[in-house]
Amino acid sequence: MPTSTTDRRPARVEPRVLDPRVLDGAPDVDGTTRRRVLELVAGEGPVSAAELADRLGLTSAAVRRHLACLEEDGTIAVHDGGPSSGRRGRPARRYVVSARGQSDLAGGYSELAAQVMRHLRETGGTEAVARFAAERYDAVVARYAPRLTAEDPEGRAAQLADLLSADGYAASVRPVTGPLLPTVQLCQGHCPVQHVAEEFGELCEAEARAFSELLGTHVQRLATIAGGAHACVTNVPTVSTQVSPQNLPTPAHRTRGMQEGTR
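All figures in this text were calculated on a predicted structure; none of them were measured in a lab.

*Asks:* Residue-level account of the overall build of the chain, with values.
*Replies:* From N to C terminus, the chain includes 9 helices and 7 strands. For the chain, the proportion of its 263 residues judged to be buried stands at 40%.

Here you go:
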């Protein structure tokens, strides 16, 4: 009598969810890729997943996973922008760093710095705070000035952006289309002293004055991170304008959602 064979079916195998870091051959055990995504959003934002993927050499799908995690953590937010190209369709999601993301980038010393500044104000008054801010940026001017060798404000602005980026400000220069006076915007995607500057506006004022001195032209602050914007944006005329003590800039105290120029 023939022996019956048992119907042997292969065991069901659960699909394996691959980590995007493996798919892209970019180990990210310690979160370095995600940190790099956050830094690029700070420096390039508003920026799309496709643009980030191109910069990082990853797939758009992998970058979107990192973006989703950062958005869930509250360190980035979607910026309301138009389509990435002239094509019809749904606008591309473009990302900027949130206030929490700025804190993550700044590290853990902002509260200590704020306490020191409060103590300075309590013991020396607002004049002492203003003097400290002026001296801080006098030192910045002394350090940067010899390295700004371009003869025109636009070239100097580009050099200044490089120096600021090296100091952690994620700075860039962006052209402005159609102004009456030819202008570029100096954008700072990160502010290491954001939380201190929220309470002590003297720091922002001294920084804007330092920019004017370094660039040799009157500048205008359109937005600050301390004021709730996603970037500090400074208008820089590309032709020199007269700079005098009475004509030095005072940063705009912008609130969240106000006009930030082209940034």
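*Asks:* How would you explain the state of the cysteines if you had to name every residue and give the values?
*Replies:* Throughout the structure, instances matching the rule amount to 0 disulfides. Cysteine Cys191 shares no disulfide, and the gap to the nearest cysteine sulfur, in Cys232, comes to 5.3 Å. Cys191 gets classed as buried once you look at its relative accessible area, which sits at 9%.

*Asks:* Account for the sheet that holds strand S2 (residues 76-79), with residues named and values stated.
*Replies:* Sheet architecture is open: 3 strands sit in the order S1-S3-S2, paired in antiparallel fashion. Looking at strand neighbours, the two that pair on one side only are strand S1 (47-48) and S2, the edges of this open sheet. By the bridge criterion, 4 bridges tie S2 to strand S3 (residues 94-97) in an arrangement that is antiparallel. Looking at the pairing, Ile76 lines up with Val97 of S3. Taken strand by strand, helix H2 (residues 32-44) contacts S1, S2 and S3, and its axis lies near 95 degrees from that of S3.

*Asks:* A description of the pairing of S3 should follow, citing residues and the corresponding values.
*Replies:* For a regular strand, side-chain orientation follows a simple rule: the groups alternate between the two sheet faces. Going residue by residue along S3, you find Arg94 and Val96 tucked away on one face and Tyr95 and Val97 tucked away on the opposite face as well. As defined by bridge partners, S1 adjoins S3 across 2 bridges and the pair is classed as antiparallel. Within S3, the residue paired with Val47 across the bridge is Tyr95.

Rules used throughout
- Residues numbered from 1 in each chain as written.
- Predicted model: local features only at pLDDT ≥ 70, side-chain atom pairs only at ≥ 80, totals over all residues.
- Heavy atoms only, no water.
- Helix = DSSP H or I, 4+ residues; strand = E, 2+ residues; numbered from the N terminus.
- Buried < 20%, exposed > 50% of the residue type's maximum accessible area, 1.4 Å probe, protein only.
- Disulfide = S-S within 2.5 Å.
- Pairing = 2+ DSSP bridges.
- Contact = heavy atoms within 4.5 Å.
- Axes fitted to C-alpha atoms, helices over the stretch in contact; angles between N-to-C directions.

Function-wise, these values are silent; they only describe arrangement.
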